[in-house]
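Below, each chain spelled out in residue letters.
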Amino acid sequence: MNVIELKNISKIYNPDTIPVRAVNNLSLQIEQGEFTAIVGPSGCGKTTLLNMMGGLDPCTQGSVTISGVAISTLNESELTDFRLKNIGFVFQAYNLIPVLTARENIEFIMVLQKEDPKVIGDRVDNLLKRMGITEQKDRRPSELSGGQQQRVAVARALASHPKFILADEPTANLDSEATAGLLEIMAQMNKDEAVTFVFSTHDQRVIDKAKRVITLNDGAIVSDEIHL
Amino acid sequence: MMLSLAWKNIWRSKGRSFVVIGAIVIGVWSLIFMFGFYNSFIEALSRNSLYHDFSHIQVHHKGYLTEPGLAFLLNRSEELVDMGAEVPEILATSGRLIINGMIASPKTNLGIQVYGVHPTDEAQVTGLEEQLVEGNYFENSKRYPILISEKIADKLKVKLRSKLILTIQDAQANITSAAFIVSGIFHSKSPRINESVIYVRHADVVQLIGLDDQSYNELAYLLRDTETTDRVKVNIESKTENLLRTYREIAPEFDMFEQTSAITKQMITFIIMLALLFGIINAMLMSVLERTKEIGMLRSIGMHKRKIFLMILFETCIISLISGPLGLLAGFATNRYLSINGLNLSSYAGALEQYGAEAIVYPSIDYATYPLLMMIVLITALLGAIYPAIKATRLKPLEAIRKI
Ligand SMILES: Nc1ncnc2c1ncn2[C@@H]1O[C@H](COP(=O)(O)OP(=O)(O)O)[C@@H](O)[C@H]1O
Ligand SMILES: [Mg+2]
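Residues numbered from 1 in each chain as written. Chains lettered and ligands numbered in written order. Predicted model: local features only at pLDDT ≥ 70, side-chain atom pairs only at ≥ 80, totals over all residues. Heavy atoms only, no water.

1. A look at the overall build of chain A
Rule in force here: Helix and strand definitions here come from DSSP, where helices need a minimum of 4 consecutive H or I residues and strands a minimum of 2 consecutive E residues; each element is numbered from the N-terminal end. Using C-alpha atoms as the atom set, the radius of gyration is obtained and then compared with a globule rule of 2.2 Å times the number of residues to the power 0.38. Categorising residues by exposure relies on relative accessible area from a 1.4 Å probe, with only protein chains included: less than 20% of the type maximum marks a residue as buried, more than 50% marks it as exposed, and the intermediate range marks it as partly exposed. In what follows, residue pairs with any heavy atoms lying within 4.5 Å of each other are defined as contacts. The Shrake-Rupley method, run with a 1.4 Å probe, gives the accessible areas here. Residue values count only the displayed protein chains as cover. Here the positive residues are Lys and Arg and the negative ones are Asp and Glu; neither His nor the chain ends is included. Charged side chains are reduced to one point each, which is NZ for Lys, CZ for Arg, CG for Asp and CD for Glu.
A tally of regular secondary structure across chain A gives seven helices and ten strands. The C-alpha radius of gyration of chain A comes to 17 Å, within 12% of the 17 Å expected for a compact globule of 228 residues. Looking at chain A as a whole, 54% of its 228 residues qualify as buried. Of the contacts made within chain A by residues no fewer than 6 positions apart, 71% connect residues no fewer than 24 positions apart. With an accessible surface of roughly 9900 Å², chain A has 48% of that area assigned to carbon and sulfur atoms. Of note, chain A has its 23 positive side-chain charges centred 3 Å away from the centre of its 29 negative side-chain charges.

Pasting the structure below:
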């Protein structure tokens, strides 16, 4: 089953002034359980594409369908709810809530979803263990290393079992050791829980770990390869 | 969770939060202090005119107000005096014969109002005896004794036991003069009395102008309880042809004091709250702008606008719930201290006395003011939060990703 289905989508920034065609008539399907990298040089449209997949930015043309729902039909509030329930986000700059501890950050989305506290507790303990940050659970983001922060971010995205996780250059701010560690964890979660990951990168070591590599140039797909 | 997040957010910028909290504390404190000060000021003003000048009820002949003087003496004044003794609500009664006259010292002369009074009655009704600063209260004088205020003594340049010539008109418009000896000098709490009233014995004036000893043109009732004023007035009114007026009817300034005091307090509250409002808006707006990226992230991961709005509202509410009570407490403590020890304004005594107020102020405040102020602070905080909160909800989720 297709988790994400993009049909002829285009994104034109500043259509009234100096139009920039960031994504150009692109079609793509992503299936449940994929571990996919969107790659390409800076400015090729990776971020724009992920934003449209995540319902953060509407496309100028074409349609984005997620789990059978055409997201352009949702209003602002429905879309927020849709993101909350279906999509996990991991950002390049981690973007954790600075006043909350690692544990509270991971809980956050589940609490927003009004999950049962027992369920939340178990899930968070489990994720902390898998991410290898149990010892740091009561620290605030400012007391964690970049790699640890990004693991918290991945755990936060994973916590409520979203349909898929979007990660825009998740390792761009990490050193190679932390990058390897994070990818290890992401790959493991992909294997254990069949979580669908879509991430953008221009780091060759990250590309090497991906099972599917979609290469963009000037907002269009130039290659789409399965790595086994 | 929203509350705990809001609480934690407040303390991320401690300096700014403390500034806002401090501003609210000082604002509330100064309001309470000002209210207490103002209340006691107005109270003293009212109390002084009530107990040292007007009394609760005054009785005159119906014609007296249009033509003051001897033409309209009270009808059946002895009945009025008797009622003063019989009606239980009445504490004391003082009958007066008031005549315009001229008083002359060797140096100069002055137009004044002569109050012919029974010394003991007047002492009970207006506390005249206690207001003596020099001399005695109409005692053991072979000549006619007279009491004058310090102010008039100054103007006439006379001292205790000086001789003064009082000139008045009798009922037949004959001019009569007599010599009086200053037996006492008083300082009334009523500016009006200090300015223009002198006291002589009723028996002396009636003798001078040839009236009988039941001749009064004013009678004042002092009540035990101000609350009963209107009831007593109605009661006595039904038994006499004379005109009765309560202190509020005699001196509309009693109502005016209260009204202007209420308006002044409202205006000052409004101004202080307006200042706090802008302070709160400014601080919360800064706090929202600093968190642009974070709020964008919260929106991205699925936090609804409504929750973002509430988060900002909660933050402001918490700040006001911390600072409001602190300000109230500080105000309460200050007023409490001063209501026991008094606030000495002696250096302004001259100016205050002009208005009939006192040099030592004992702030007093109605307890209902505290919850009311807390409500006002909370409402101000909420109003101040609305604009920044709306700004926060307008932030686009994309900000989180773009602003790296
Ligand atoms: N908000 C924007 N307004 C205008 N142009 C933009 C905006 N965001 C991105 N672009 C342009 O769109 C193109 C694709 O950008 P982006 O999606 O960020 O690429 P990548 O993530 O691959 O570096 C670039 O040419 C970029 O300058
Ligand atoms: Mg990018």
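The rest of the description comes next.
2. With respect to the sheet that holds strand 9 (residues 212-217) of chain A
Residue and element names in this part refer to chain A. Note the cut-off: We treat two strands as partners when DSSP finds at least two bridges between them. For every element, the axis is a line fit to its C-alpha atoms; helices are fit only across the contacting stretch, and the angle between N-to-C directions ranges from 0 to 180 degrees.
The mixed open sheet is built from six strands, whose spatial order is 6-7-8-3-9-10. If you trace the sheet from one side to the other, it starts and ends with strand 6 (87-90) and strand 10 (220-226), each paired once. Averaged over all adjacent pairs, the angle separating strand axes in this sheet is 15 degrees, with direction ignored. Relative to strand 9, strand 3 (residues 35-39) runs parallel, the two sharing four bridges. Counterpart to threonine 36 in the pairing with strand 9 is arginine 212. Sheet contacts for helix 2 (residues 76-86): strand 6 and strand 7 (164-168); angle to strand 6, the most-contacted strand, approximately 80 degrees.

3. So, the pairing of strand 7 of chain A
All names here are of chain A. With five of five residues buried, strand 7 lies mostly within the body of the structure. Residues Phe164, Leu166 and Asp168 line one face of strand 7 and the alternating positions Ile165 and Ala167 line the opposite face, and both faces are buried. As judged from the four bridges shared by strand 6 and strand 7, these two strands associate in the parallel manner. Paired with isoleucine 87 across the bridge in strand 7 is phenylalanine 164. Note that strand 7 and strand 8 (residues 196-201) share five bridges and pair parallel. Each residue of the ladder has a partner; that of aspartate 168, found in strand 8, is serine 200.

4. Overview of the interface of chain A and chain B
For the record, the criterion: The quantity reported as buried area is the accessible area (1.4 Å probe) lost by two parts once they are put together, taken as the sum for both. Put simply, a salt bridge is a Lys or Arg side-chain nitrogen that is within 4 Å of an Asp or Glu carboxyl oxygen. Whenever a nitrogen or oxygen atom comes within 3.5 Å of another N or O atom, the pair is scored as a polar contact, on the condition that within protein one atom can donate a hydrogen and the other can accept it, and that pairs from neighbouring residues in sequence are kept only if both atoms are in side chains. Lys, Arg, Asp and Glu make up the charged group, whereas Ala, Val, Leu, Ile, Met, Phe, Trp, Tyr, Cys and Pro make up the nonpolar group; the residues left over, Gly among them, are polar.
Taken together, the 28 residues of chain A in the interface contact 22 residues of chain B. Each partner contributes to the roughly 2300 Å² buried at the junction of chain A and chain B, and carbon and sulfur atoms together form 67% of this total. Considering only the side of chain A, the residues that lose the most area to chain B are Val99, Phe108 and Leu112 of chain A, jointly responsible for 22% of the buried surface there. Of the charged contacts in the structure, one is a salt bridge between arginine 299 of chain B and glutamate 76 of chain A, with a shortest N-O distance of 2.4 Å. Where chain A packs against chain B, one counts six residue pairs in polar contact (both at pLDDT 80 or more). Contributions of two or more residues to the side of chain A that touches chain B are made by helix 1 (46-53), helix 2 and helix 3 (102-112) of chain A. In terms of residue count, the dominant contributor to the side of chain A that touches chain B is helix 2 of chain A (six residues). When its residues are assigned to classes, the side of chain A that touches chain B shows 14 nonpolar, six polar and eight charged.

5. With respect to the packing of aromatic side chains
Residues and elements named next belong to chain B. Put simply, the test is: Whether two aromatic rings pair depends on their centres lying within 6.5 Å, for rings of Phe, Tyr and Trp, where Trp uses its six-membered ring; planes under 30 degrees apart make the pair stacked, over 60 edge-to-face, and the rest tilted. The rule for a charge over a ring is simple: NZ of Lys or CZ of Arg within 6 Å of the ring centre, and within 35 degrees of the ring normal.
Under the criterion given, the structure shown has 16 aromatic pairs over all chains. Both rings, one in tyrosine 144 and one in phenylalanine 180, keep their centres 5.1 Å apart while their planes meet at 35 degrees; by these two values the pair is tilted. In this pair, tyrosine 144 is assigned in strand 5 (residues 144-149) and phenylalanine 180 in strand 7 (residues 175-186), connecting sequence segments 36 residues apart. Taking the relative accessible area as the measure of exposure, tyrosine 144 reaches 22% and is therefore partly exposed. Members of the aromatic cluster, connected to one another through ring pairs, are Trp29, Phe33, Phe37 and Phe41. Taking the ring centre of phenylalanine 35 as reference, the NZ or CZ of lysine 265 above it sits at 5.6 Å.

6. Considering the site of ligand 1
Put simply, the test is: Only a single heavy atom is needed: when it lies within 4 Å of a molecule or strand, its residue is near that molecule or strand.
Around ligand 1, the structure places 13 residues, and the nearest of them are Gly43, Gly45, Lys46, Thr47 and Thr48 of chain A. With respect to ligand 1, its neighbouring residues span chains A and B. A distance of 2.9 Å separates an oxygen atom of ligand 1 from a polar atom in the backbone of lysine 46 of chain A. Contact distances for ligand 1 include 2.6 Å between an oxygen atom and a side-chain N or O atom of threonine 47 of chain A. Against a free-state accessible area of 550 Å², the protein chains account for coverage of 68% of ligand 1. Those elements that place two or more of their residues in the shell around ligand 1 are strand 2 (20-31) and helix 1 of chain A. A total of three residues in the shell around ligand 1 trace back to one element, the largest contributor, which is helix 1 of chain A.

7. Description of empty space enclosed by the protein
All names here are of chain B. Quick reminder of the rule: Here a cavity denotes grid points, spaced 1 Å and computed from the protein atoms alone, that fit a 1.4 Å probe unable to get out, and a pocket denotes an open set having protein on both sides within 12 Å along at least 5 of 7 lines; residues with an atom within 4 Å of a point are the lining. Grid points are joined across faces, edges and corners, and a volume is the space filled by probe spheres set on the points.
By the definition in use, this model includes two cavities of 30 Å³ or more. Looking at the largest cavity, its volume works out to about 100 Å³. Mapped by element, the contributors of at least two residues to the lining of the largest cavity are helix 1 (2-10), helix 2 (14-54), helix 10 (253-290) and helix 12 (305-341). The residue makeup of the lining of the largest cavity, split by class, is five nonpolar, four polar and four charged.

8. Here's the deal with the layout of surface pockets
Taking a probe equal in size to a water molecule and rolling it over the atoms shows the remaining empty space. Here the largest pocket is characterised by a volume of approximately 470 Å³. Looking at the lining of the largest pocket, the elements with two or more residues in it are helix 2 of chain A together with helix 14 (369-394) and helix 15 (399-402) of chain B. By residue class, the composition of the lining of the largest pocket is eleven nonpolar, four polar and nine charged.

9. A word on the sheet that holds strand 1 (residues 2-13) of chain A
Residues and elements named next belong to chain A. If you trace the four strands from one edge of the open sheet to the other, you get 2-1-4-5, paired in antiparallel fashion. A strand with exactly one partner marks an edge of an open sheet, and here the two such strands are strand 2 and strand 5 (69-70). Sheet topology note: the strand 1/strand 4 (residues 61-66) ladder contains five bridges and is antiparallel. The residue of strand 4 that forms the bridge with glutamate 5 is threonine 65. On top of the sheet, helix 1 reaches strand 1, strand 2 and strand 4; it is set at about 125 degrees to strand 1, its chief contact.

Shape is all these values report; function is a separate question.
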